[in-house]
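If you want the building blocks of each chain, they are given just below.
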Amino acid sequence: MARKKRNTPETVSTNALADNVHIQGAGSVKDEHIVDTLTSNYMPYAMSVILSRAIPEIDGFKPSHRKLLYTMYNMGLLQGGTIKSANIVGRTMQLNPHGDASIYETMIRLSRGNESLLYPYVESKGNFGKAYSKNMMYAASRYTEAKLAPIAKELFEDINKNTVDFVNNYDNTMKEPTLLPVTFPSVLANVTTGIAVGMASSIASFNLRELCETTVALIKNPEHAISETLLAPDFVGGGYIIYDREELEKIYATGRGSVRVRAKYAYDKAYNCIDITEIPPTTTSEAIIDKIVELVKGNKVKELSDLRDETDLKGLRITLDLKRGTDPDKLMTKLYKLTPLEDTFSCNFNVLVKGYPKVLGVGDILKEWIDFRLECVRRRTQFTLDKKAERLHLLRGLEKILLDIDKAIKIIRETESEAEVVPNLMIGFGIDKVQAEYVAEIKLRHLNREYILKRTKDIEELEKEIAELEAILGSKNKLKRIIIKELEAVADKYAGERRSQILYEVEEFDATQAVEVPDYPVTLFITKEGYLNKIRTANLRMSGEQKVKEGDAVARTFECSNRDELLVFTDKAQVYKAKVDDFADSKASVLGTFVAGKLEMEPDEKIVFICVLREYKGFMIFAFENGKVAKVDITAYQTKTNRKKLLKAYSTKAPLAAMEYLEEDTELVLSSTSGRMLLFNTASITAKTTKDTIGVAVMTQKKNARVDAIHFYQEGEFEKPWRFRTKNLPAAGALPGPADNTAQLTF
């Protein structure tokens, strides 16, 4: 059998040409400058995100908002009851092809129930979630209902009077507005945020009455000082605005800056608790609670006994139960500094104006809106004028018929063909085609003098109205007066009191001030299994025997102050730092606190030594099994920051046998598994500042022997102490005799 010929590149090319499927340049590699690639591929995408998705326009809306609201307007949802959200979402997809999920999320944010907007445009029924809680999720669209809020009427006023331009939707099956003819500066009435490509937008919300008054003042006087009427931003979640005149003036002038917002709270004396009911718009209740819990665990906040999230259908509430004697105002001042209970809203007033993104100050945005609204009113007035002029033109033709109705009837009756009726009326009465068409369409029952006189009486009124409209179009001041009147009406109808209260003077928390720790004597009981119990020394006489777990026992007792510090060394050569005050006062009948859990040690980490420090003075002595001893200055464990954990607390080159803390040099006894003991003075060893130093050789070991303990020398412990001392180190030590007291202090 003949073997099938394998296709070579030349063969494939020939076959492709033969089949007329060869693509010119296919498979070839083309060198192209990266800038050209970015320009041709990436830039169109970036422009699409900026212009058609993320940045709001002068009417205050992104395209997704505008498409949804316009769909609801066309569905007649300004009147009547609510309908299923799924129905609205489905209809909106005729304008917005980005999917039902994104459309529904847009509706959620615009709704009253979600509490994202100061002036919501959608009335909601059902669970629309809450902006201040990430855990309170909204229900599916098939379960909720919605309609347009009353204020939405101001978004569509005269939209059918040529006030704004319309364009085709994405599949050219219907028209949609490019902007909404809003009768108030909605761009500054609600919070709007968006992240585009290479730019972002973050617009704060302002009280509607202040906003309308400021706009009116700017219309009357372009040099009006914004801060005189626009006091500060106003957020739907309320809270306190920390007044900073310089920063506000910067925002008003440049569109960039930040606003500090504090949570609002109330102290309940009966239950000794704080109820937080309003929080900044940039955070959530969960984030606040998580941060407070973190501070409590880190012993930075000790005034709380409990913390609960009591948010329900009535609204937000975070409850803080206080310990006895806690000043609630001072605690909140501290929490403002350490938690998102005080946060900043960063302003970046980036708005699309005539297709171009611009970062504008409040004054410039309002001036742009005034120009936009002037054009809307001008176009509306021109539309009305054209309609009235058309009506007047028809009535004037009808007026001429009044002169001789019989003549008109005769012309129509004597005209042989229908097509010649209009031309004959034009010739007979000297009217144009439009007027003749109007006359020819009048019903036979209306061809009476009474009907015609009623119609022609409107001529004088139309002439007056047209004259007024022409005067408006010819005077910018009259156009401005119309806008002012509309703004005043909107403010009276929809504006309410400020949600966010302005604080002109606030008490700041000074983190540099050390927290006053009460100073009183305490006794610490530390067990072999790592439990620590702190009892006030004054109460110790009234306490019984220290309670411990079965199989556990008290290993060490310290008498110290509540202000002292603890160094907890572990078998992983790490040291954990804590304050005695971090452990709550207790009593003998309590097991105490599990130190490893309190200090958040690793699961398999064990405590090998605990020392108590009044001040960082003295040395740590580490004895290793190979006979070496390290002397580390205690200041090596002192840190300027509040670090709770230090690595490399001692050397791991050789197994650790024992350790001790010395306030000053003294005599220690090293013990070996060979039975030998060595008495030496720590002054003979030079102190190091390196924590993990390997030490110096002190006790020589026989084969298979190792150092196993260290303890303080007690006078009278040895019958002949000179036998265990040596002038030079290292030394082997000596075996104790029958007369020597070899009792050792161990931990």
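Everything that follows concerns the structure shown earlier in this document.
Conventions used here
Residues numbered from 1 in each chain as written. Predicted model: local features only at pLDDT ≥ 70, side-chain atom pairs only at ≥ 80, totals over all residues. Heavy atoms only, no water. Salt bridge = Lys/Arg side-chain N within 4 Å of Asp/Glu carboxyl O. Helix = DSSP H or I, 4+ residues; strand = E, 2+ residues; numbered from the N terminus. Buried < 20%, exposed > 50% of the residue type's maximum accessible area, 1.4 Å probe, protein only. 1 Å grid on protein atoms, 1.4 Å probe; cavity = no way out; pocket = protein on both sides within 12 Å on 5 of 7 lines; lining within 4 Å. Points joined across faces, edges and corners; volume = space filled by probe spheres on them. Nonpolar A, V, L, I, M, F, W, Y, C, P; charged D, E, K, R; others polar. Contact = heavy atoms within 4.5 Å. Pairing = 2+ DSSP bridges. Axes fitted to C-alpha atoms, helices over the stretch in contact; angles between N-to-C directions. Arc of directions from axis to C-beta. Parallel < 35°, antiparallel > 145°, perpendicular 65-115°, else oblique. Polar contact = N/O pair within 3.5 Å; in protein donor to acceptor, adjacent residues only side chain to side chain. Patch = residues over 30% accessible without salt bridge, like charges linked within 9 Å, V, L, I, M, F, W, Y side chains within 5 Å. Areas by Shrake-Rupley, 256 points an atom, 1.4 Å probe, with all protein chains shown as cover.

Enquirer: Teacher, can you tell me more about the pattern of salt bridges here?
Expert: Oppositely charged side chains can pair when the atoms bearing their charge come close. What the rule picks out here adds up to 40 salt bridges. Residues Glu486 and Arg380 are paired through a salt bridge, measuring 3.0 Å at the closest nitrogen-oxygen approach. Separated by 106 residues along the polypeptide, Glu486 in helix α17 (residues 476-494) and Arg380 in helix α12 (residues 362-402) bring together distant segments of the chain. With respect to class, Glu486 is no different from Arg380; both count as buried.

Enquirer: Looking at this model, I keep getting lost on empty space enclosed by the protein. Mind explaining?
Expert: To find leftover empty space, one rolls a probe the size of a water molecule over the atoms. This model, assessed by the stated rule, comprises one cavity of 30 Å³ or more. Considered as a void within the structure, the largest cavity measures approximately 80 Å³ in volume. What lines the largest cavity is Gly60, Phe61, His65, Arg109, Leu110, Leu117, Tyr121, Ser186, Val187, Asn190, Val191 and Thr192. For the lining of the largest cavity, the residue count by class is six nonpolar, five polar and one charged.

Enquirer: Where do I start with the environment of Glu507 in this structure?
Expert: Note on placement: Glu507 falls in the loop between β17 (501-503) and β18 (521-527). Spatially, the C-alpha atoms of Glu507 and Asp329 are 9.5 Å apart, while their sequence positions differ by 178 residues. In this structure, Glu507 is in contact with Arg262 and Thr333, ignoring residues within four places of it in sequence.

Enquirer: I'm lost on the sheet that holds strand β11 (residues 273-278) in this one. Help?
Expert: To summarise the sheet geometry, strands pair through backbone hydrogen bonds and adopt either a parallel or an antiparallel arrangement. Strand order across the open sheet formed by four strands is β10-β11-β13-β12, with antiparallel pairing between neighbours. The two strands at the open ends of the sheet, each matched to only one other strand, are β10 (264-268) and β12 (304-309). In this sheet, neighbouring strand axes are inclined to one another by 20° on average, regardless of whether the strands run parallel or antiparallel. In this fold helix α10 (residues 285-297) packs onto β12 and β13 (318-322), with an angle of close to 160° to the strand it touches most, β12.

Enquirer: Help me understand helix α14 (residues 421-429) in this model?
Expert: Each α-helix winds once per 3.6 residues, and so residues spaced three or four apart point in a common direction. Taken together, the buried positions of α14 are Val421, Val422, Leu425 and Phe429. Down the axis of α14, the buried set is contained in an arc of 95°. They therefore lie on one face. The inward-facing, buried residues of α14 contact α12, α13 (405-414) and α15 (433-440). Of the residues trailing α14, Gly430 is marked for its positive phi of about 70°.

Enquirer: How should the packing of helix α7 (residues 208-220) against α12 be read in this particular structure?
Expert: Two packed helices can be described by the angle between their axes and the distance between those axes. As a packed pair, α7 and α12 sit with axes 10 Å apart at the nearest point and diverge in direction by 75°. Taken as axis vectors, α7 and α12 run roughly perpendicular relative to one another. Of the residues in α12, those touching α7 at Leu211, Thr214, Thr215, Leu218 and Ile219 are Gly363, Leu366, Lys367, Trp369 and Ile370. The class makeup of the residues in the contact of α7 with α12 is six nonpolar, three polar and one charged.

Enquirer: Can you walk me through unusual backbone geometry in this structure?
Expert: The general pattern is negative phi for most residues beyond glycine and trans for most peptide bonds. The omega torsion of the bond from Leu729 to Pro730 falls at 5°, within 30 degrees of zero and hence cis. Counting through the fold element by element, Pro730 comes out in the segment after β32 (707-712). With phi around 60°, Glu115 is a residue other than glycine that occupies positive phi space. By the secondary structure assignment, Glu115 is in the loop between α5 (100-110) and β2 (122-125). Look at Lys354: it is not a glycine, yet its phi comes out positive at around 55°. Inspection of the secondary structure assignment puts Lys354 in the loop between β15 (350-353) and β16 (356-359). Assessed through its relative accessible area of 76%, Lys354 is described here as exposed.

Enquirer: Help me out: how do you make sense of α15 in this one?
Expert: When we look at burial in α15, the residues that qualify are Gln435, Ala436, Tyr438 and Val439. Along the axis of α15, the buried residues cluster in a sector spanning 160°; they form a single face. Against α12, α14 and α16 (449-473) lie the buried residues of α15. At the N-terminal end of α15, a side-chain oxygen is found 3.3 Å from the backbone nitrogen of Val434, two or three residues along, and the residue is Asp432.

Enquirer: I tried to follow a nonpolar patch on the surface on my own but got confused; where do I start?
Expert: Where nonpolar side chains cluster on the molecular surface, the patch consists of Ile34, Val35, Leu38, Tyr42, Met43, Tyr45 and Met47 and spans about 680 Å² of accessible area. Assignment of secondary structure puts Tyr45 in helix α2 (residues 34-54).

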